[in-house]
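Per-entry structural report
Residues per chain, in single letters:
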Amino acid sequence: MMKIIEYDYDYERRYDHTPVLFGSRSLQETQDEQEPHVVPTWEPILTVITVVLMFAVLMTDKIATESVMLTALAVFYLSNIIDIKEALSGFSSQGLLTVLILFVVAEGLNKTGALNWYVGKLFGRPKTLAGAQARLMIPIAAL
């Protein structure tokens, strides 16, 4: 017969083996005595205002996307809402780097007009909205 062994999740909390150096208290004791972090009321307000302004500027398409995003990042960093580690941590993501590279490729194709002829032949000039939707949905469904 097999014996089921249960893991004691409170073991690490009860038996803290953190070394005590020079008479200092353990990290757990100092964390227990600290009061919870209270967020100042201006931080969420500034965050909401910045995000709303960021989306408004992005919708107008007057300023480059990367400039708007980096400006918002700078506002958050300079107001100490995020620190430098949090500000730069997203750039280490492989998914983000892939999307950034695709933005460069898409902008290159857009500026050179390399796809204009192909898109014109593929989609043509539909006369109705339903025709335009059908010409767009059929190639996508084939993929």
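Right above here is the structure, for reference.
First things first, this report covers the structure right here in the doc. (Residues numbered from 1 in each chain as written. Predicted model: local features only at pLDDT ≥ 70, side-chain atom pairs only at ≥ 80, totals over all residues. Heavy atoms only, no water.)

Notes on the overall build of the chain
For clarity, the threshold we go by: The way it works is that DSSP assigns letters per residue, a run of H or I at least four long becomes a helix, a run of E at least two long becomes a strand, and they are numbered from the N terminus. For every residue, the accessible area (1.4 Å probe, protein chains only) is compared with the maximum for its type, and the residue is labelled buried under 20%, exposed over 50%, or partly exposed between those bounds. Note on contacts: a residue pair is in contact if any heavy atoms of the two residues lie within 4.5 Å. Each accessible area value is a Shrake-Rupley result obtained with a 1.4 Å probe; residue values ignore everything except the protein chains displayed when judging cover.
Each helix and strand in the chain was counted, giving eight helices and zero strands. The linear arrangement of helices and strands in the chain, starting from the amino end, is α-α-α-α-α-α-α-α. Within the span of the chain, comprising 143 residues, buried residues form 7% of the whole. A fraction of 27% describes how many contacts in the chain between residues 6 or more apart in sequence connect residues 24 or more apart. For the chain, the accessible area works out to roughly 13100 Å², and carbon and sulfur atoms hold 66% of it.

Notes on the packing of aromatic side chains
As a reminder of what qualifies: Each Phe, Tyr or Trp ring, with Trp reduced to its six-membered ring, pairs with another whose centre is within 6.5 Å; inter-plane angles below 30 degrees give stacked pairs, above 60 give edge-to-face pairs, and intermediate values give tilted ones.
What the rule picks out here adds up to one aromatic pair. On the numbers, 5.1 Å between centres and 80° between planes, the contact of Trp117 with Tyr118 is edge-to-face. Each of the two residues, Trp117 as well as Tyr118, counts as exposed.

Re unusual backbone geometry
For Asp61, which is not a glycine, the phi torsion comes out positive at approximately 60°. Residue position: Asp61 is located in the loop between helix H3 (42-60) and helix H4 (65-78). With a relative accessible area of 62%, Asp61 lands in the exposed category.

A word on H4
Quick note on the threshold: Here, expected helix span is obtained from the residue count minus one, scaled by 1.5 Å. Each direction from the helix axis to a C-beta atom contributes to the arc, which is the arc of those directions.
Here H4 is 14 residues long and its end C-alpha atoms lie 20 Å apart, about the 20 Å a rise of 1.5 Å per residue gives. All buried positions along H4 are accounted for by Val68, Ala72 and Phe76. Down the axis of H4, the sector holding all buried residues measures 75°, keeping them to one side. For H4, the exposed residues set more than 90 degrees away from the buried face come down to Glu66 and Leu78. Here the buried face of H4 lies against H3.

Let's talk about the pattern of salt bridges
Here the idea is simple: oppositely charged side chains can pair when their charged atoms come close. Just so we agree on the cut-off: For this analysis, a salt bridge means a side-chain nitrogen from Lys or Arg found within 4 Å of a carboxyl oxygen belonging to Asp or Glu.
Following the criterion strictly, the structure yields one salt bridge and no others. Of the charged contacts, one joins Glu107 and Lys111 as a salt bridge, the two residues approaching to 3.7 Å between their closest N and O atoms. Of the two residues, Glu107 and Lys111 are both situated in helix H6 (residues 94-112); the distance of four residues between them amounts to about one turn of the helix. On the accessibility criterion, Glu107 (38% relative accessible area) is partly exposed.

Some details on the side chain of Glu43
Just so we agree on the cut-off: By the counting rule applied here, Lys and Arg register as positive and Asp and Glu as negative, while His and the ends of each chain are not counted.
Checked against the element boundaries, Glu43 lands in helix H3. It is Lys85 that comes nearest to the buried, bridge-free Glu43 among opposite-charge side chains, at 18 Å. In contact with Glu43, other than residues within four places in its own chain, are Asn80 and Ile81.

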